[in-house]
Amino acid sequence: QKYLTNMLVATTACLRRRPQVLARMKHDDYLQTQVRSTTILCVRKNNKVVIVGDGQVSSGSTVAKGNAVKVRKLEGDVIVGMAGSAGDCLTLIDHLEGLLSEACGNLTMACVALVKAWRTEKILRRLNAQIIIADKDKTFVVSGGGDIIEPEDGITAIGSGGLYALSAAKALADVEGMEAEEIARRSMKIAGDLCVYTNHNLQWQTLELEKE
């Protein structure tokens, strides 16, 4: 009898929690759709590093806007590209700027601190986004899952069309005489042709590197 009573209590608790669980699942699915529905590409070659993003904002299967700005330049020659909802991305960028100031411009230290805060602080924990961050020396991909990735060749991409843009950029990177901007432009053209969540209205940020 005690066993049956415990089973009844457990079942009742599960049924009560089910609407909350379903609501959270729907919310998480929505956030993941927001992160997927864009393309951001970073290309580093010779004396330049470029971050380029498309301008499309999608709401489900509907195009809500075609000229959104998803790339920014921060103080200290740092450029970023954002994939996710605007509010989440801008909150993280503001936090990153403060961490860069505390780290005296050290991008590696700032990115590590951002990931720690993203995973541990209650306000930041629910933010769902991916960010590409680059300065004259390093490139990082940062996400709320605790990931911080530095691509070995300086080429990386995020978003729904990221794999298309990344594959094209890696193929074009070895073409002699082709600069970072041209590689990025052609790669994003391919991503825009293949991904329904990506358009050809591109926004750029470029850093000139010191020549050796």
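Our structure is the block above this text.
Residues numbered from 1 in each chain as written. Predicted model: local features only at pLDDT ≥ 70, side-chain atom pairs only at ≥ 80, totals over all residues. Heavy atoms only, no water.

The next thing to look at is the pattern of salt bridges. Taken as a whole, this structure holds 10 salt bridges when the rule is applied. The salt bridge involving Glu181 is made with Lys48; its shortest N-O contact spans 2.7 Å. Placement of Glu181 in helix H6 (residues 180-194) and of Lys48 in strand E2 (residues 48-53) is noted, with a sequence separation of 133 residues between them. For Lys48, a relative accessible area of 18% puts it in the buried group. We note a salt bridge from Asp54 to Lys70, for which the minimum N-O separation is 3.3 Å. (Salt bridge = Lys/Arg side-chain N within 4 Å of Asp/Glu carboxyl O. Helix = DSSP H or I, 4+ residues; strand = E, 2+ residues; numbered from the N terminus. Buried < 20%, exposed > 50% of the residue type's maximum accessible area, 1.4 Å probe, protein only.)

Turning next to the environment of Val50. Structurally, Val50 can be placed in strand E2. Note: C-alpha distance between Val50 and Ala180 (130 residues apart in sequence) is 6.5 Å.

Taking 1.5 Å of rise per residue, 14 residues should cover 20 Å, and helix H3 (residues 107-120) covers 20 Å from first to last C-alpha, within 8% of that figure. Within H3, burial applies to Leu107, Ala110, Cys111, Leu114, Val115, Ala117 and Trp118. One side of H3 holds all its buried residues, which, seen down the axis, span an arc of 165 degrees. Looking at H3, the residues exposed on the side facing more than 90 degrees away from the buried face are Met109, Lys116 and Thr120. Two or three places before Thr108, at the opening of H3, Asn106 has a side-chain oxygen 3.2 Å from that residue's backbone nitrogen. (Expected span 1.5 Å × (residues − 1). Arc of directions from axis to C-beta. Polar contact = N/O pair within 3.5 Å; in protein donor to acceptor, adjacent residues only side chain to side chain.)

This paragraph deals with the sheet that holds strand E6 (residues 78-84). Pairing in this open sheet of five strands is antiparallel, and the strands run E5-E6-E7-E8-E9 from one edge to the other. Bordering the open sheet on either side are strand E5 (71-74) and strand E9 (148-149), each of which pairs with just one other strand. Here E6 runs beside strand E7 (residues 129-134); their pairing, made up of six bridges, is antiparallel. Bridging from a neighbouring strand, Ile79 pairs with Ala134 of E7. Sheet contacts for helix H2 (residues 86-102): E5, E6 and E7; angle to E6, the most-contacted strand, approximately 150 degrees. Lying over the sheet, H3 contacts E6, E7, strand E8 (139-143) and E9, oriented at roughly 5 degrees with respect to E8. (Pairing = 2+ DSSP bridges. Contact = heavy atoms within 4.5 Å. Axes fitted to C-alpha atoms, helices over the stretch in contact; angles between N-to-C directions.)

For the rest of this paragraph, the subject is a nonpolar patch on the surface. Where nonpolar side chains cluster on the molecular surface, the patch consists of Tyr164, Ile190 and Leu194 and spans about 270 Å² of accessible area. Inspection of the secondary structure assignment puts Leu194 in helix H6. (Patch = residues over 30% accessible without salt bridge, like charges linked within 9 Å, V, L, I, M, F, W, Y side chains within 5 Å. Areas by Shrake-Rupley, 256 points an atom, 1.4 Å probe, with all protein chains shown as cover.)

The next point concerns the nonpolar core. When a protein is soluble and globular, its nonpolar side chains tend to lie buried together. Val80, Leu92, Leu96, Ile133 and Val142 are the most contacted members of the largest nonpolar core, which has 24 residues in total. Among the elements of the structure, E6, H2, H3, E7 and E8 are those that each provide at least two residues to this core. Among the elements that take part in this core, H3 stands out by supplying seven residues, more than any other. When near neighbours in sequence (up to four residues on either side) are disregarded, Leu92 contacts Leu114, Trp118, Leu124, Leu127, Ala129 and Ile131. (Core = buried A, V, L, I, M, F, W, Y, C linked by side-chain atoms within 4.5 Å.)

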